[in-house]
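# Chain and residue survey
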Amino acid sequence: MKKIDGIVLYSGGLDSLLSAKILMDQGLSIVGLHCILPFMPEDVDVTQLKSTKLAEQINLQLKYHFCGDDYIQMLKNPPHGYGKNINPCIDCHIYFIRKAAELMNELGASFVATGEVVGQRPMSQLKHTLLHIIKETGLQGRLLRPLSAKILKPTIAEENGTVNRELLFGISGRGRSQQIGLANKFGITDYENPAGGCLFTDPNVSIRLKKLFSHSSDVSSADIYLASIGRHFMLPNFNRIIVGRFEAENDKLSDYRKHGSLFFSPEFAGPSLLAFGDLTDDDKEFCASLIAHYGKWSEHENKINVYKNEKLAEIVNAKKIEKTEIDEKIRNFMIIKEV
Ligand code: SF4
């Protein structure tokens, strides 16, 4: 296998594409590390991701890291706090750099490069922790920012001639014109928006995850993925319910049924429901009411199949309840809240 010179922290965004391309055009052998966040489905086909296709524009070879339990632990309590929603951007970035350093060591590469541009974001908080991580991960003198390198202290790779510093850039500030100019020059026509698609910046997902973290010590990647799907309810005993809003969500809930305790699937036109926790008979009755509330059923078509561990466990009937009554129950009962 060809020796790998450096790892680029890759997101699909313009700055990471440019950084990789700048280094590859020097004849360096570069691997992009793409960290996959836990809100991706567990069977995600990485070859079909938009970010993967974007890397093909510059023939960048990618390796993937699936952010698992260690990422979730950080997300639950990020040392540098959250952004506007549940986005732990500083600690997320540190996590990514740590993973890139691990890959650098694993592949025998000599540096990690990022698409960071000096002065683009307020980094004062990051600086101190980054210095610690750099030391801890063996990245001293090995963290390269190709877009801003000329205004930064040279890295070891620049000093020993592995990387030609003259072919790097000295961009700073929030403006994007120089990066757009480089994209045109390199023929990069498509890229992800900054933070585009990060569900941790979504206010609704944020509310649900914060609620989940406050009531469960065991939040999984599946829980994070499901946070963006369906209507969410939390019962007084903290059992959780997710109700599909349309067919695609019903299918996703069905795919993830093994992560819940009971999966409700009506025989009439109505939503599927995935429940978590040890459901009481009252809880099950409420589940049937919810399905009835959002579904179309009649006295003759009212059966709801309830599955446990993939097997049909029981059949319950849609409960005869007026929509106004259940609407009011949801609206007025403080114990039942959509989260
Ligand atoms: S926007 Fe999302 S992916 Fe990007 S650093 Fe913040 S938390 Fe991480």
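These notes cover the structure that comes with them.

Thresholds, definitions, all that
- Residues numbered from 1 in each chain as written.
- Predicted model: local features only at pLDDT ≥ 70, side-chain atom pairs only at ≥ 80, totals over all residues.
- Heavy atoms only, no water.
- Helix = DSSP H or I, 4+ residues; strand = E, 2+ residues; numbered from the N terminus.
- Buried < 20%, exposed > 50% of the residue type's maximum accessible area, 1.4 Å probe, protein only.
- Contact = heavy atoms within 4.5 Å.
- Areas by Shrake-Rupley, 256 points an atom, 1.4 Å probe, with all protein chains shown as cover.
- Lys, Arg positive; Asp, Glu negative; His and termini not counted.
- Charge placed at Lys NZ, Arg CZ, Asp CG, Glu CD.
- Phe/Tyr/Trp six-rings, centres within 6.5 Å; stacked < 30°, edge-to-face > 60°.
- Pairing = 2+ DSSP bridges.
- Axes fitted to C-alpha atoms, helices over the stretch in contact; angles between N-to-C directions.
- Patch = residues over 30% accessible without salt bridge, like charges linked within 9 Å, V, L, I, M, F, W, Y side chains within 5 Å.
- Salt bridge = Lys/Arg side-chain N within 4 Å of Asp/Glu carboxyl O.

Our focus in this paragraph is the overall build of the protein chain. Secondary structure assignment for the protein chain yields twelve helices and twelve strands. With the C-alpha coordinates of the protein chain rotated into their principal frame, the extents come out at 80 × 35 × 35 Å. By the burial criterion, 50% of the 339 residues in the protein chain qualify as buried. When contacts within the protein chain are restricted to residue pairs at least 6 apart in sequence, those whose partners lie at least 24 apart make up 65%. Per element, the accessible surface of the protein chain, about 17,000 Å² overall, is 49% carbon and sulfur. Distance from the positive charge centre (41 side chains) to the negative charge centre (41 side chains) of the protein chain: 7 Å.

Turning our attention to the packing of aromatic side chains. For any two aromatic rings, the description comes down to two numbers: the centre-to-centre distance and the angle of the planes. Enumeration over the complete set of coordinates arrives at seven aromatic pairs. Aromatic pair F39 and F200: ring centres 5.0 Å apart, planes at 70 degrees, arrangement edge-to-face. Here F39, found in the loop between β2 (30-36) and α2 (50-56), pairs with F200, found in the loop between α7 (177-186) and α8 (203-215); they are 161 residues apart in sequence, far enough to count as distant. The pair F39 / F200 is uniform in exposure class, with both members buried. Here Y225 and Y256 contribute two aromatic rings whose centre-to-centre distance is 4.6 Å and whose plane-to-plane angle is 25 degrees, an arrangement assigned as stacked.

Before going further, it helps to spend a moment on the pairing of strand β6 (residues 231-234). Note that β6 and strand β7 (residues 240-243) share four bridges and pair antiparallel. Across the sheet, residue M234 finds its bridge partner in β7, namely R240. Between β6 and β7, which pair antiparallel one after the other, the connecting turn spans five residues, and F238 there sits at a positive phi close to 70 degrees.

Sheet architecture is open: five strands sit in the order β3-β2-β1-β4-β5, paired in parallel fashion. If you trace the sheet from one side to the other, it starts and ends with β3 (61-66) and β5 (143-144), each paired once. Where strand β1 (residues 6-10) lies against β2, five bridges are found, and the strand directions are parallel. Within the sheet, the bridge partner assigned to Y10 lies in β2 and is H34. Seen against the sheet, helix α1 (residues 14-24) touches β1, β2, β4 (111-113) and β5 and runs at an angle of roughly 160 degrees to β1.

Take a negative patch on the surface next. A cluster of like negative charges, contributed by D43, D45, E247, D251 and D255, occupies part of the molecular surface. Checked against the element boundaries, D43 lands in the loop between β2 and α2. Judged by relative accessible area, D43 falls into the exposed class, the value being 63%.

With that settled, the discussion passes to the pattern of salt bridges. Considering all chains together, one arrives at eleven salt bridges under this definition. Between K21 and D25 there is a salt bridge, with the nearest N and O atoms lying 3.1 Å from each other. Classification of D25 as partly exposed rests on a relative accessible area of 47%. The salt bridge partner of E42 is K258, with a shortest N-O separation of 3.4 Å. Linking E42 in the loop between β2 and α2 with K258 in the loop between α10 (247-255) and β8 (262-266), this pair joins segments that are 216 residues apart in sequence.

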